[in-house]
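Structural characterization, general
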Amino acid sequence: MRSSNPVFSRRGFSRDNGYAGFNTAPQAGGAAVGTQGNPYAQQGGGNPYAQNPYAQQDQYGPGVPPQAPVTTGRMTMDDVVMRTSMTLGTVAVGAILAWALLPVSSTSYGLAIGSALVAFVLAIVQSFKRKASPALIIGYAAFEGVFLGVISEMYNSRWSGAPFQAVLGTMAVSGATLLVYKAGWIRVTARYARIGMAIAIAFVLAMAVNLLLVVFGVADGGGLRSMGPLGAIVGIIAIILGAFFLTLDFKQIEDGIAYGAPRDEAWLAAFGLTMTLVWIYVEMLRLAAIFSSSD
């Protein structure tokens, strides 16, 4: 059954059975789990992506993915890089224009909130769609860019240099995560993903409850998201979760290429990477502001 959870369904290219491609092994005498409705499945069992790629990863040797099928119209790393550059470029252009054209005011703050809500809706719609929609993904990136541009300008007006520090921090975290992943120090398995997602869900729920407590005046000073030591600890946890999401993105990109995912799936890879990098940047921005406040 396909997951209706947009957060779960965006993680992985095969989204019809199991979680993010972590399907169960095929049972004796029966069809491989994941072949029903799987857009990658081919007749004759020629496509290993129709089964569980993670359950079979060791047959090629540790850390050695199988070769992608020799077919046309399949996703490549160049496709992923190009589409990710397009989405991140759209975010950057939107942020730069918003910073340059919108002065810090209550109006621009309201526009930032509105842009964030529109970006959220577009992300939800894309997450529920079976196929990637470039228009939705680029639209999401544009509105997200406006949101980031406005809040970055606001942070910079109070904590000078915070956005620049957040950009450097985001680059450092993403680069370090990629290095650790490629070195094989982190292996993305079904158990790893389940534990990480359980922690992520608990974190999001805790933040939602904290927001309600702040809105109703029960928690003072932002509660768990305060500008003090507690807020810094929560921010560090959020950044670690962002790095965890990056490892899932890297794994699904790697497997999508290895098992011959359609070229359009590169848009989903770009979508996932953009969402994760935005998450890390926002948390880095808050963290930079907290450390600046303590000086």
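Residues numbered from 1 in each chain as written. Predicted model: local features only at pLDDT ≥ 70, side-chain atom pairs only at ≥ 80, totals over all residues. Heavy atoms only, no water.

Turning next to the overall build of the protein. Along the protein, the regular secondary structure elements total eight helices and zero strands. A burial count over the protein gives 46% of its 295 residues as buried. Relative to all contacts within the protein whose residues are 6 or more apart in sequence, the contacts with residues 24 or more apart total 78%. (Helix = DSSP H or I, 4+ residues; strand = E, 2+ residues; numbered from the N terminus. Buried < 20%, exposed > 50% of the residue type's maximum accessible area, 1.4 Å probe, protein only. Contact = heavy atoms within 4.5 Å.)

Let us now look at the confidence of the model for the protein. Across the protein, pLDDT averages 81, with 75% of residues at or above 70. pLDDT under 50 marks residues 1-60. Its contacts with residues more than four places away, or in other chains, come to 131 contacts. (pLDDT = per-residue confidence, 0-100.)

So, about the packing of helix α5 (residues 162-182) against helix α8 (residues 265-293). Where α5 contacts α8, the axes come no closer than 8 Å and their chain directions differ by 130°. The orientation of α5 relative to α8 falls into the category oblique. Once α5 is placed against α8, the crossing between them reads as right-handed. For the pair α5 and α8, contact is made by A162, P163, Q165, A166, V167, G169, T170, V173 and S174 and by L277, I280, Y281, M284, L285, A288 and S292, respectively. By residue class, the composition of the contact of α5 with α8 is eleven nonpolar, five polar and no charged. (Axes fitted to C-alpha atoms, helices over the stretch in contact; angles between N-to-C directions. Parallel < 35°, antiparallel > 145°, perpendicular 65-115°, else oblique. Left-handed = near helix turned anticlockwise from the far one by under 90°. Nonpolar A, V, L, I, M, F, W, Y, C, P; charged D, E, K, R; others polar.)

One can describe the packing of helix α6 (residues 190-215) onto helix α7 (residues 229-258) by two numbers: an axis separation of 11 Å at closest approach and a directional angle of 140°. Considered as vectors, α6 and α7 are oriented oblique to each other. As for the relative orientation of α6 and α7, their crossing is left-handed in sense. For the pair formed by α6 and α7, the contact residues are Y192, A193, G196, M197, I199, A200, F203 and M207 on the first element and V234, I237, A238, L241, F244, F245, T247 and L248 on the second. Counted by class, the contact of α6 with α7 contains 14 nonpolar, two polar and no charged residues.

Glancing now at the packing of aromatic side chains. Overall, the coordinates contain seven aromatic pairs when judged by the stated rule. Ring centres of Y192 and F244 lie 5.4 Å apart, and the angle between their planes is 50°; on these two criteria the pair is classed as tilted. Here Y192 is found in helix α6, whereas its partner F244 is found in helix α7, with 52 residues between them in sequence. Relative accessible area serves as the criterion here: at 24%, Y192 is assigned to the partly exposed category. Judged by centre distance (6.4 Å) and plane angle (45°), the rings of F203 and W279 are tilted. Taken together, the residues F203 in helix α6 and W279 in helix α8 connect sequence positions 76 residues apart. (Phe/Tyr/Trp six-rings, centres within 6.5 Å; stacked < 30°, edge-to-face > 60°.)

Another point: the pattern of salt bridges. Under the defined criterion, the tally for this structure stands at five salt bridges. With its nearest N and O atoms 4.0 Å apart, the salt bridge here joins E254 to K182. With E254 in helix α7 and K182 in helix α5, the pair connects residues that are 72 residues apart, well separated along the chain. Judged by its relative accessible area of 25%, E254 is partly exposed. For E283, the salt bridge is made with R225, and the minimal N-O distance between the two is 2.7 Å. Placement of E283 in helix α8 and of R225 in the loop between α6 and α7 is noted, with a sequence separation of 58 residues between them. Looking at E283, the relative accessible area reads 8%, which means it is buried. Residues joined in a network through salt bridges with shared partners are D79, R83 and R263. (Salt bridge = Lys/Arg side-chain N within 4 Å of Asp/Glu carboxyl O.)

By the element assignment, T170 lies in helix α5. Leaving out residues up to four positions away in the same chain, T170 has contacts with L277, I280, Y281 and M284.

Ranked by size, the top nonpolar core spans 60 residues in total, and within it V80, Y140, L148, L248 and L285 carry the most contacts. Those elements that place two or more of their residues in this core are α2 (77-101), α3 (106-128), α4 (134-158), α5, α6, α7 and α8. Considering each element in turn, this core owes the most residues, 16 residues, to α8. (Core = buried A, V, L, I, M, F, W, Y, C linked by side-chain atoms within 4.5 Å.)

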